[in-house]
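Structural characterization, general
Spelled out from the first residue to the last, the chains are:
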Amino acid sequence: MKEIIFKLFGEPTSRDKGVRGTSSGKLFIDKKVFYNRAEVKAVIKKMENSESIKKNFELAK
């Protein structure tokens, strides 16, 4: 049964994404967990190597 569901909906993602909630309904980021995710690390690495962002930093100085 799981194989059929995975074929329809794809592989399940890990449940811990680093987003936490309080009892009053406010959300906050658990930075330790959030920044250790592989997809977040990839996006940060892309941004560090982006030429357009480097140009904007130089213009802002």
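My aim in this report is to walk through the structure given alongside it, one point at a time. None of these values were measured; they are calculated from a predicted model.

For the rest of this paragraph, the subject is the overall build of the protein chain. Looking only at helices and strands, one finds four helices and two strands in the protein chain. Put simply, the protein chain runs from its N terminus to its C terminus through helices and strands in the order α-β-β-α-α-α. The buried share of the protein chain, reckoned over its 61 residues, is 7%. Counting every atom, the protein chain has about 6000 Å² of accessible surface; 60% of that belongs to carbon and sulfur.

Turning next to the pattern of salt bridges. Summed over all chains, the structure comprises four salt bridges. Notably, a salt bridge pairs D30 with R20, separated by 3.1 Å at the nearest N-O pair. Separated by ten residues along the polypeptide, D30 in the loop between strand 2 (27-29) and helix 2 (31-34) and R20 in strand 1 (residues 19-21) bring together distant segments of the chain. Among the salt bridges present, the one from K45 reaches E48, with a minimum N-O distance of 4.0 Å. Of this pair, K45 and E48 both sit in helix 3 (residues 38-48), three residues apart, which is roughly one turn of that helix.

Of note, V33 is situated in helix 2. Each C-alpha atom of the pair V33 and D16 lies 7.9 Å from the other, and the pair is 17 residues apart in sequence. In this view, V33 contacts D16, K17, G18 and R20; residues no more than four positions away in its chain are not counted.

Relative to the helices and strands, R37 resides in the loop between helix 2 and helix 3. Judged by its relative accessible area of 18%, R37 is buried. Among the polar contacts listed, one links the side chain of R37 to the backbone oxygen of K17, at a separation of 3.1 Å.

For the rest of this paragraph, the subject is a nonpolar patch on the surface. A cluster of nonpolar side chains, namely V19, L27 and I29, defines an oily patch on the protein surface of about 290 Å² accessible area. On the secondary structure map, I29 appears in strand 2. Of the residues examined, I29 reaches a relative accessible area of 42% and is grouped as partly exposed.

Scoring rules and cut-offs
Residues numbered from 1 in each chain as written. Predicted model: local features only at pLDDT ≥ 70, side-chain atom pairs only at ≥ 80, totals over all residues. Heavy atoms only, no water. Helix = DSSP H or I, 4+ residues; strand = E, 2+ residues; numbered from the N terminus. Buried < 20%, exposed > 50% of the residue type's maximum accessible area, 1.4 Å probe, protein only. Areas by Shrake-Rupley, 256 points an atom, 1.4 Å probe, with all protein chains shown as cover. Salt bridge = Lys/Arg side-chain N within 4 Å of Asp/Glu carboxyl O. Contact = heavy atoms within 4.5 Å. Polar contact = N/O pair within 3.5 Å; in protein donor to acceptor, adjacent residues only side chain to side chain. Patch = residues over 30% accessible without salt bridge, like charges linked within 9 Å, V, L, I, M, F, W, Y side chains within 5 Å.

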